[in-house]
Amino acid sequence: MASSKKNKAARKIGFYTGLIALLIVSLFPFFIMLMTSFKTSREAVATEPTFFPKHWTFQHYVDIFNPDIFPFLSYFKNSLTVALTAALLSVLIGIFGAYALSKLNFIGKTTINASFYTVYMLSGILLIVPLFKIISGLGLYDTKTALIITMIVQTLPTSIFMLKSYFDTIPDDLEEAAMIDGLNRIQIIFYIIIPLALSGIISVFVYSFMVAWNDYLFASIFLSDSANFTLPIGLNALFSTPDYIWGRMMAASLITALPVVGMYAISEHFIKGNMTEGGVKG
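On a predicted model such as this, the values are computed, not experimentally measured, just so you know. (Residues numbered from 1 in each chain as written. Predicted model: local features only at pLDDT ≥ 70, side-chain atom pairs only at ≥ 80, totals over all residues. Heavy atoms only, no water.)

A count of helices and strands for the protein gives 13 helices and zero strands. Along the protein, helices (α) and strands (β) appear in the sequence α-α-α-α-α-α-α-α-α-α-α-α-α when read from the amino end. Evaluated residue by residue, the protein yields a buried proportion of 37% over its 282 residues. For the protein, the accessible area works out to roughly 16,700 Å², and carbon and sulfur atoms hold 69% of it. (Helix = DSSP H or I, 4+ residues; strand = E, 2+ residues; numbered from the N terminus. Buried < 20%, exposed > 50% of the residue type's maximum accessible area, 1.4 Å probe, protein only. Areas by Shrake-Rupley, 256 points an atom, 1.4 Å probe, with all protein chains shown as cover.)

This is the structure:
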């Protein structure tokens, strides 16, 4: 008994030690970014690096909101417009596509299902040439609409695949009962499927938002006017200007990451709430 307790205690200590080590390794880069954003320009590039600033400054955070130095608010608005629109459309289209693949029977269903697995083996860079020709042909080059379309194309297969997995867990008996009560397919989707799969839908929305928010590859190809730049492109452009300063870059990068962090926090709250509701109903 004593040796068994010692072994359990040793395993717990080993587990928590490994967890703490993992957190330190994972969070260390963000700690350096945060500390650099509060350092003076000279201290940030000093030959003797320091973990904590010797002279704290908030000037870098003030500078990134100065439109003459870095039009952060304009880039933020563009990123938010693209990410929200692309995520909402990806989820909306994904709901109907996933429902069809999960609940309906039609010719070619197996082939379409299998095609979503093959998407994971292909890199997004392979879509650049055909998408560029389509976007240019439609006259949408250098517009936020072009980027929204490309983000939907990029996230939709995964959205449908993920949502289908959630819809597969919903019993068919619920739909049959709803049809007996007079509901059609559209009403079933909005009144039964969506409420029961809300946690999955939120997860897919967060995934799509994150991909669109952090995208650099497609934005760098389909956008050329600085007025349409998103934050990743704006941050890269800042590297090649006289206003490029390490502390300023770290401050802008940290603030750019906040919406994604906030989105995760909010989604976790809703997902937990939805799971709790499902556990007490009925």
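Note that soluble globular proteins tend to have their nonpolar side chains buried in a common cluster. The biggest cluster of nonpolar side chains holds 63 residues, and the ones touching the most others in it are Phe 70, Ile 95, Leu 163, Phe 167 and Phe 218. Looking at this core element by element, the count peaks at eleven residues for helix α4 (residues 72-103). (Core = buried A, V, L, I, M, F, W, Y, C linked by side-chain atoms within 4.5 Å.)

A word on the confidence of the model for the protein. It should be kept in mind that the predicted coordinates are not to be read in detail where pLDDT is low. Confidence in the prediction of the protein, expressed as mean pLDDT, is 83, and 89% of residues score 70 or more. For the protein, per-element mean pLDDT is lowest for helix α13 (residues 246-280), which scores 71, and highest for α4, which scores 93. Low pLDDT, under 50, characterises residues 275-282; the predicted model gives this stretch zero contacts beyond four residues in sequence or across chains. (pLDDT = per-residue confidence, 0-100. Contact = heavy atoms within 4.5 Å.)

Right, let's talk about a nonpolar patch on the surface for a bit. The grouping of Phe 15, Tyr 16, Leu 19, Ile 20, Leu 22, Leu 23, Ile 24, Leu 27 and Phe 30 at the surface amounts to a nonpolar patch, some 940 Å² of accessible area in total. Mapped onto the elements, Leu 22 comes out in helix α1 (residues 2-37). (Patch = residues over 30% accessible without salt bridge, like charges linked within 9 Å, V, L, I, M, F, W, Y side chains within 5 Å. Salt bridge = Lys/Arg side-chain N within 4 Å of Asp/Glu carboxyl O.)

As enumerated under the stated definition, the model contains four salt bridges in all. Of the charged contacts in the structure, one is a salt bridge between Asp 168 and Lys 164, with a shortest N-O distance of 2.9 Å. The closest approach of N and O atoms between Glu 175 and Arg 185, which form a salt bridge, is 3.2 Å. Of this pair, Glu 175 sits in helix α8 (residues 172-180) while Arg 185 sits in helix α9 (residues 185-196); the two residues are ten residues apart in sequence, bridging distant segments of the chain. We classify Glu 175 as buried; its relative accessible area is 4%.

The next point concerns the packing of helix α7 (residues 144-167) against helix α10 (residues 198-214). For the pair α7 and α10, interaxial distance at closest approach is 10 Å and the crossing angle is 160 degrees. Considering the angle they form, α7 stands roughly antiparallel to α10. In this structure, α7 crosses over α10, and the sense of that crossing is right-handed. Mapping the contact onto sequence places Met 151, Gln 154, Thr 155, Thr 158, Ser 159, Met 162, Leu 163 and Tyr 166 in α7 and Ser 199, Gly 200, Ile 201, Ser 203, Val 204, Tyr 207, Ser 208, Val 211 and Ala 212 in α10. Across the contact of α7 with α10, the residue classes break down as nine nonpolar, eight polar and no charged. (Axes fitted to C-alpha atoms, helices over the stretch in contact; angles between N-to-C directions. Parallel < 35°, antiparallel > 145°, perpendicular 65-115°, else oblique. Left-handed = near helix turned anticlockwise from the far one by under 90°. Nonpolar A, V, L, I, M, F, W, Y, C, P; charged D, E, K, R; others polar.)

Let's shift gears to the packing of α4 against α9. One way to put it is that α4 packs onto α9 with a least axis distance of 12 Å and a crossing angle of 100 degrees. The pairing of α4 with α9 is recorded here as roughly perpendicular in orientation. For the pair α4 and α9, contact is made by Ile 95, Phe 96 and Tyr 99 and by Arg 185, Ile 186, Ile 188, Ile 189, Phe 190, Ile 193 and Ile 194, respectively.

To continue, consider the UniProt feature "transmembrane region" (unreviewed entry) in the protein. The positions UniProt marks with the feature "transmembrane region" (unreviewed entry) are residues 13-35, 80-102, 114-135, 147-167, 188-210 and 245-266. Between the end C-alpha atoms of residues 80-102 there is a gap of 32 Å, over a span that is 100% helix and 0% strand. (UniProt positions renumbered as here; feature names shortened; annotations may be inferred.)

Here Tyr 99 takes part through its side chain, which lies 2.3 Å from a polar atom of the side chain of Glu 175. For Glu 175, the side chain forms a polar contact with the side chain of Arg 185, separated by 3.2 Å. Not counting residues up to four positions away in its chain, the partners in contact with Glu 175 are Tyr 99, Lys 103, Arg 185 and Ile 188. (Polar contact = N/O pair within 3.5 Å; in protein donor to acceptor, adjacent residues only side chain to side chain.)

Turning our eyes to something else, we now look at the packing of aromatic side chains. Applying the stated criterion across every chain yields a total of 18 aromatic pairs. Judged by centre distance (6.1 Å) and plane angle (65 degrees), the rings of Phe 96 and Phe 190 are edge-to-face. Separated by 94 residues along the polypeptide, Phe 96 in helix α4 and Phe 190 in helix α9 bring together distant segments of the chain. Ring geometry for Phe 132 versus Tyr 141: centroids 5.8 Å apart, planes at 70 degrees, classification edge-to-face. The partly exposed category is assigned to Phe 132, whose relative accessible area is 35%. When its relative accessible area of 35% is taken as the criterion, Tyr 141 is described as partly exposed. Among the aromatic residues, those joined into a cluster by ring pairs are Phe 65, Phe 70, Phe 72, Tyr 75, Phe 76, Phe 205, Phe 209, Trp 213 and Phe 229. (Phe/Tyr/Trp six-rings, centres within 6.5 Å; stacked < 30°, edge-to-face > 60°.)

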